[in-house]
Amino acid sequence: MYYLELSSKNVVRFDSVSQLTNVFFDDSNKQVFSVRSGGATGITVKSPLNPDQAINFIMEASDRGPIRSIKMSPDPEHKIIAVQRTENSVEFINFINGEPNLADMILHKSKHTIFGFIWIHTREVVLISNAGVELFNVLVEKKQLKSLKTCNLTINWFSWCPASNFALLSSSNGTILTPVLIKQGVITKLPMLELEPGRSVLERDVTLGVLYGISSIFILHQTQSRLVEIVVYTLNGPGLAPKKSYILRLGHQGRFAINIVDDLVIVHHQASKTSLIFDIYLPGETDSVTGVTTHLPLTPGKPIKPFHLKLPSLSYDTSTMECDLYSPNWVLFQPNIVIDAKLGCLWNLEICLEALAQHIGDFVKLTDFLLRRTGAKEIVLSVIRDLVSTQYSGVKLPVIETIFDKLNVIYKQDLDNDLFSQMAISTKNSIFPKNYEPPRVLITQSDMFSSVFSTIADAEHLEYVLIEYIYSLTKQGITIQHDLSKMIIMEMVKNKNLNALHQMLQLSVLSESKPLACFLLSLSKVDEKIFQAAMDMLARLNANEIIIEVLLEKGKVIDALKLAKAQPNPDNIPARKFLEAANKHQDPLVFYSVFVFFQQRNVRLRGNPDFLKNEQCEQYVQRYQAMCNGES
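Residues numbered from 1 in each chain as written. Predicted model: local features only at pLDDT ≥ 70, side-chain atom pairs only at ≥ 80, totals over all residues. Heavy atoms only, no water.

Caption draft 1: Expanded view of the overall build of the protein chain. The helix and strand tally for the protein chain stands at 15 helices and 33 strands. For the protein chain, the C-alpha radius of gyration of 37 Å lies well beyond 26 Å, the compact-globule estimate for 632 residues. Considering only C-alpha atoms, the protein chain reaches an extent of 125 × 65 × 60 Å along its principal axes. Buried residues in the protein chain amount to 47% of all 632 residues. A sequence separation of at least 24 residues applies to 50% of the contacts in the protein chain between residues at least 6 apart. (Helix = DSSP H or I, 4+ residues; strand = E, 2+ residues; numbered from the N terminus. Rg over C-alpha atoms; globule rule 2.2 N^0.38 Å. Buried < 20%, exposed > 50% of the residue type's maximum accessible area, 1.4 Å probe, protein only. Contact = heavy atoms within 4.5 Å.)

Caption draft 2: Just the sheet that holds strand S25 (residues 264–269), in detail. Taken together, three strands build an open sheet; the order of strands is S24-S25-S26 and the sheet is antiparallel. A single partner strand is all that each edge strand has here, and the edge strands are strand S24 (256–261) and strand S26 (274–278). Direction aside, neighbouring strands of the sheet carry axes that sit 25 degrees apart on average. (Pairing = 2+ DSSP bridges. Axes fitted to C-alpha atoms, helices over the stretch in contact; angles between N-to-C directions.)

Caption draft 3: Geometry of the side chain of Asp27. Along the chain, Asp27 falls in the loop between strand S3 (21–26) and strand S4 (31–36). Among residues more than four places away in sequence, those in contact with Asp27 are Trp160, Pro162 and Phe333.

Caption draft 4: Local environment of the environment of Ala566. Structurally, Ala566 can be placed in the loop between helix H12 (557–565) and helix H13 (575–584). Assessed through its relative accessible area of 61%, Ala566 is described here as exposed. Sequence separation between Ala566 and Asp405 is 161 residues; the distance between their C-alpha atoms is 45 Å.

Caption draft 5: A look at the pairing of strand S33 (residues 345–351). Burial analysis of S33 places six of its seven residues in the buried class, which makes it a mostly covered element. In this sheet, S33 lies alongside strand S1 (residues 4–6) in antiparallel orientation, the contact comprising three bridges. Directly across from Glu5, in S33, lies its bridge partner Glu350. Taken together, the two bridges between strand S2 (residues 12–13) and S33 define a ladder with antiparallel strand orientation. Across the sheet, Val12 pairs through a bridge with Leu346, a residue of S33. Two elements, strand S32 (residues 337–340) and S33, share four bridges in a ladder whose sense is antiparallel. Opposite Val338, over in S33, you have Trp347 as the bridge partner.

Caption draft 6: Molecular detail of the pattern of salt bridges. Overall, the coordinates contain 23 salt bridges when judged by the stated rule. Of the charged contacts in the structure, one is a salt bridge between Lys412 and Asp416, with a shortest N-O distance of 3.3 Å. Pair noted here: Lys412 and Asp416 are both in helix H4 (residues 397–427), with a separation of four residues, about one helical turn. Overall, the relative accessible area of 22% leaves Lys412 in the partly exposed class. Glu615 is the partner of Arg606 in a salt bridge, and the nearest nitrogen-oxygen pair spans 3.7 Å. (Salt bridge = Lys/Arg side-chain N within 4 Å of Asp/Glu carboxyl O.)

Caption draft 7: Quick look at a nonpolar patch on the surface. Taken together, the side chains of Leu419, Phe420 and Met423 make up a nonpolar region of the molecular surface, amounting to roughly 240 Å² of accessible area. Take Phe420: it is sitting in helix H4. (Patch = residues over 30% accessible without salt bridge, like charges linked within 9 Å, V, L, I, M, F, W, Y side chains within 5 Å. Areas by Shrake-Rupley, 256 points an atom, 1.4 Å probe, with all protein chains shown as cover.)

Caption draft 8: Spotlight on helix H10 (residues 528–540). The end-to-end C-alpha distance of H10 is 19 Å, a good match for the 18 Å that 13 residues give at a rise of 1.5 Å each. Of the residues trailing H10, Asn542 is marked for its positive phi of about 55 degrees. (Expected span 1.5 Å × (residues − 1).)

Caption draft 9: Geometry of the packing of aromatic side chains. Counting across every chain of the model gives 16 aromatic pairs. Arranged with centres 6.1 Å apart and planes meeting at 90 degrees, the rings of Phe92 and Trp119 form a pair that is edge-to-face. Here Phe92 is found in strand S9 (residues 89–96), whereas its partner Trp119 is found in strand S11 (residues 114–121), with 27 residues between them in sequence. Here the two residues Phe92 and Trp119 agree in accessibility, since each one is buried. An angle of 25 degrees between the planes, with centres 5.7 Å apart, marks the rings of Tyr326 and Trp330 as stacked. This pair shows no difference in class: Tyr326 is buried, exactly as Trp330 is. Taken together, Phe591, Tyr592, Phe595, Phe611 and Tyr624 form an aromatic cluster joined through their ring pairs. Sitting over the face of the ring of Phe117, Lys71 holds its NZ or CZ atom 5.2 Å from the ring centroid. (Phe/Tyr/Trp six-rings, centres within 6.5 Å; stacked < 30°, edge-to-face > 60°. Lys NZ or Arg CZ within 6 Å of the ring centre and 35° of its normal.)

Caption draft 10: Quick look at the packing of H13 against helix H14 (residues 588–606). At a minimum axis separation of 8 Å, H13 and H14 run at an interaxial angle of 165 degrees. Considering the angle they form, H13 stands roughly antiparallel to H14. Here the hand of the crossing between H13 and H14 comes out left-handed. Across the interface between the two elements, Ala575, Phe578, Leu579, Ala582 and Asn583 of H13 pack against Val590, Phe591, Val594, Phe595, Phe598 and Arg601 of H14. (Parallel < 35°, antiparallel > 145°, perpendicular 65-115°, else oblique. Left-handed = near helix turned anticlockwise from the far one by under 90°.)

Caption draft 11: Region of the structure containing the nonpolar core. Core analysis: the biggest nonpolar cluster contains 113 residues, and Leu370, Met448, Phe453, Ile489, Phe578, Leu579 and Phe598 have the highest contact counts within it. In contact with Ile489, other than residues within four places in its own chain, are Leu501, Leu510, Leu516, Phe519, Leu520 and Leu523. (Core = buried A, V, L, I, M, F, W, Y, C linked by side-chain atoms within 4.5 Å.)

Caption draft 12: Region of the structure containing the side chain of His269. Tracing the sequence through the fold places His269 in strand S25. Owing to a relative accessible area of 5%, His269 belongs among the buried residues under this scheme. Within polar-contact distance, the side chain of His269 engages the backbone oxygen of Gln253 at 2.5 Å. Setting aside chain neighbours within four positions, we find His269 in contact with His252, Gln253, Gly254, Arg255, Phe256, Thr274 and Tyr326. (Polar contact = N/O pair within 3.5 Å; in protein donor to acceptor, adjacent residues only side chain to side chain.)

Caption draft 13: Summary view of the pairing of strand S10 (residues 99–109). In terms of strand pairing, S9 meets S10 through seven bridges, oriented antiparallel. Its bridge partner being in S10, Phe92 is matched across the sheet by Ile106.

Caption draft 14: Geometry of the sheet that holds S11. Ordered in space as S11-S12-S13-S14, the four strands form an open sheet in which the pairing is antiparallel. Only two strands of the sheet have a single partner each, and these edge strands are S11 and strand S14 (144–152). When the angles between neighbouring strand axes are averaged without regard to direction, this sheet yields 25 degrees. Where strand S12 (residues 124–129) meets strand S13 (residues 132–139), six bridges bridge the pair, whose relative direction is antiparallel. Looking across to S13, one finds that Leu127 is bridged to Glu134.

Functional significance is not addressed by these values, which are geometric in nature.
Next comes the structure, spelled out in structure tokens:
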């Protein structure tokens, strides 16, 4: 069983590194460049975002030396190519109709050693040198670079996080690390991170990434026992120094590399050819003094699933080769990119979520884990089905309650956001939250009804599970839907748990509605209290028309007539409906009273006791006349 795999959907094949070919990767644009040297330089650009497409062009040979780094501007047309050939210069070349136009080249020379450059925007690029950070506007038309902002600082290396546009600058030989936020036209220097005396960090030991929406710094650190751990510093807000927040215990020595996949920290260990998985949101051991939480791996180290690469073949038989996993030629980029430059392959690393879920035996811990994973909805529903299946035992009720609460806290937040959004639209009010991020896993009542409760419809314990779920919804203030209300009512009636049902209805635990009241009426033969509960519900809903119909059906004609008289427009009461119900009544006095009421209404309205022809009351007039003549 494997917990990780290299995706076969978007594999990028490119010309591998050789004596004639160099390979570069731009982690901002997610582009891999194969640069072939010769009389002229042939360049191919590919990306996992469009693995079947490629940009091919020729760059004329330059006397300034071979290409050290190459990146295209981030606009869709990639109008500018930036190339670094020497340690103190960068070229900016117009890219028109798929070809570089060297005649429009801007050559920027610096007095300092340029470690690298990063495109920030279509026409903005930042150069990082040993003297600091400088942000430029690339003015191709004027063939010049305009300096926008400068941050002077002695630097010996830097690392870049494209996901949140911040650089980590190393000074004092790696003992002081300074985060710098770089956005359009702005460089913001954040409080520095000063490491413990005697400790310094190399560039290869630092990874930058975003973890649960927070920019983070991951530093590999060797303990006194020579085992390696990862110290995670988080950048929790502007003006705040990087905070030491987590320690990830690896339990190994040697070389490591990091990916961040779906907010899981994946640590690859080259010597054992295994990977460790960490989730910082699961419980760990927290130091009460420092607040730093130490985490152990979610699972024991396991290798990535073997990957077989299809080889080019002229025949119909497709031959494959098994790739060397954890190769020394691997280079990793965030969040989930693995590149083997020697093989000429780029993959996306993916989580085998279903296999990983099977490893976590604790239902609560598993639910916590899955609710934060993209695309895990069906797995969560499967876990809940297992939990409430025929293997159910009463001792699991607290566990079920905890899990239901976790689901419904997220459900409530999503419902509230929908409400806020509708209110903001209708009132044009900007106070409502705009940056709400939808949950990765949302389990609604409809999901629970169709995918969980319906699967245990015949189970003896269904009532108890339903009560736990409804109680959880009630705690969150969530309106209970009709199908769920019907299910719990039917289950309580089936189990003859009528006292509890009456209490539930009296307390309005179930969301009151006309359809639910009518459903209760259909069960009124079981117990008279159910009938009364339904009628009380209809009264609270002001569903007087339905109450009148029920009273007529029950033969309570006088009560129905009294209620009808209290409604708006009592003069429009249909006589035939009430006379028909009264005619069925065994007490002649009831019929007589109802008939006289309508006669009096006719006199008041028309000055005549007779009914109109379209009221179709002839047979009731005949009965009334017979009664007056002393006939039965």
